[in-house]
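The chain contents come next:
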Amino acid sequence: MKKLGLYIHIPFCIQKCRYCDFYSVPTNAGVPDEYLEALYKHMDEYGLQTQEYCVDTVFLGGGTPSLLTEKQMASLFKKIYRDFNVAKKAEITVEANPGTIDKNKLRAYLKAGINRLSLGVQSFCGGDLGVCGRIHGVNENIEAFRIARDAGFSNISMDIMFGLPDQTMADIVSTLNTVFKLSPEHISFYGLKIEEGTPFHDMRDSLSLPNEDSESEMYFVSRELMQQNGYFQYEISNFAKKNKFCRHNVKYWNGDEYLGVGPAAHSYFSGKRFSFKRDLGLYIDSFSENGAQEGIIDEMIDIPPSARVAEYVMLRMRLSDGIDCEKFHKLFGRDFDSLYYEKIRPYISSGHILRTEKGYAFSPDGMYVSNYILSRIIDFDMTIPGA
Ligand code: SF4
């Protein structure tokens, strides 16, 4: 059976964080049942289209999926198991905001089938959390981790941010030292980006952000500390203990198939990339009795074979093991060196790209500037004979 990742978007948050441009609607009323009903109708359709697939990863992202009550989560997973062939050892992740969980809820989540928790702690310095407009403080972060462990979660990830306004190197080191003491299995370590349409974008001239040198120092010192503490960097922003990579996210970087449900969700399925509009009302209406789903598609791209090659290189190079030339040949029937060697040669000379046993990968310095390098070596319009 072919493998498939399933992504479910829960577009509700108690309040918007000042940096966030993910699609979510602020609410104090939890997740409305009418949203779940729309999701279920959408899943009915996908269930029929994916009978020859085995779902080996499920990811509930947001927004704040941990706003789902115990009852709602149980009902959602009953539906998932009814509609899809979920693998016995599937990785099933839920993103949780530390301000929205308690032990009973987490026990119920485990019972529903969830086996991985991604905690959005972001920082263990109170000042960072306040400046970002998070709804939780440092104590709640620590408590959230403890109750997750007590409830029985043995696979926990933490999101940590760097490059925040007024954040210092000492703040980052102090945050990481708390992370190491708690010892989650996985760390997602993201640099702040000021996105248009966010409060931080409106405040950008008055924010005291670290300069480029301080930001790169934060990244490299943190990377070193995480490695010294047993976290292997398997992707630009992701670090994990042995065998604890996020299998769902690795699908994105491998170019594997996944389906997303919910407004703003993205999919890559049957050679097409598509996404749904960032419009909750439209999404719910389109799955109502007389609704029509055509209007919810935001983008639908049929990826031509030549672009698939470029896309694969762009995504795979994010991973620390980079490109395996033999595998590349098996996938595309083309020699990686003959297509890319001349383009990557300057970066091999500068030490940003390394030769590995099986092919090529970014060095640590290269990973930090990988977006720039990839923009120089990838050409989506490149004509590839036979591709
Ligand atoms: S809780 Fe997460 S999704 Fe919601 S606004 Fe904050 S960062 Fe965005």
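As a reminder, the structure under discussion sits directly above these lines.
Here the structure is a predicted model, which means the values were calculated and not measured. (Residues numbered from 1 in each chain as written. Predicted model: local features only at pLDDT ≥ 70, side-chain atom pairs only at ≥ 80, totals over all residues. Heavy atoms only, no water.)

Student: Go over the overall build of the protein chain, please, and point to the residues and values.
Tutor: Regarding its fold elements, the protein chain presents 15 helices and 17 strands. Taken against the 2.2 N^0.38 rule, which gives 21 Å for 387 residues, the C-alpha radius of gyration of the protein chain at 21 Å falls within 12% of a compact globule. Overall size of the protein chain, expressed as C-alpha extent along the three principal axes, is 55 × 50 × 40 Å. Taken across its 387 residues, the protein chain has 53% of its residues classed as buried. In the protein chain, of all internal contacts separated by at least 6 residues, the share reaching a separation of at least 24 is 71%. (Helix = DSSP H or I, 4+ residues; strand = E, 2+ residues; numbered from the N terminus. Rg over C-alpha atoms; globule rule 2.2 N^0.38 Å. Buried < 20%, exposed > 50% of the residue type's maximum accessible area, 1.4 Å probe, protein only. Contact = heavy atoms within 4.5 Å.)

Student: Report on helix H13 (residues 336–349), specifying residues and quantitative values.
Tutor: Compared with an ideal rise of 1.5 Å per residue, which puts 14 residues at 20 Å, H13 spans 18 Å between its outermost C-alpha atoms and is within 8% of the ideal. Approximately 55 degrees is the largest bend angle found in H13, and it occurs at Glu 342, with the proline Pro 346 only one to four residues beyond. Among the residues of H13, those classed as buried are Phe 336, Leu 339, Tyr 340, Ile 344, Tyr 347 and Ile 348. Those residues of H13 that are buried are in contact with helix H11 (305–316), strand E15 (323–324), helix H12 (325–332), strand E16 (353–355), strand E17 (359–362) and helix H15 (370–377). (Expected span 1.5 Å × (residues − 1). Bend = angle between axes of the 7 residues up to and from the residue.)

Student: Can you explain the pairing of strand E5 (residues 86–96)? Please cite residues and give values.
Tutor: Of all the 11 residues making up E5, 8 are buried; the element is thus mostly covered by neighbouring parts of the structure. Direction of pairing for strand E4 (residues 53–62) relative to E5: parallel, over a ladder of 5 bridges. When the bridges of E5 are listed, Val 58 appears paired with Ile 92. For the segment spanning E4, helix H2 (residues 70–83) and E5, crossover handedness is right-handed. Bridge count for E5 against strand E6 (residues 116–122) is 4 bridges, and the pairing is parallel. Along E6, the bridge assignment pairs Thr 93 with Arg 116. (Pairing = 2+ DSSP bridges. Right-handed = clockwise from strand over helix to strand, strands pointing away.)

Student: Got a sec to walk through unusual backbone geometry? Specific residues and values, please.
Tutor: Omega for the peptide link from Gly 62 to Gly 63 comes to 15 degrees, which places this bond in the cis form. Counting through the fold element by element, Gly 63 comes out in the loop between E4 and H2. Notably, Asn 243 is not glycine yet its phi reads approximately 60 degrees, a positive angle. Within the secondary structure, Asn 243 sits in the loop between strand E10 (238–240) and helix H9 (247–254). Here the phi dihedral of Ala 264 falls at roughly 75 degrees; this positive angle occurs in a residue that is not glycine. For Ala 264, the location among the structural elements is in the loop between strand E11 (258–261) and strand E12 (266–269). According to the relative accessible area criterion, Ala 264 is buried, its value standing at 18%.

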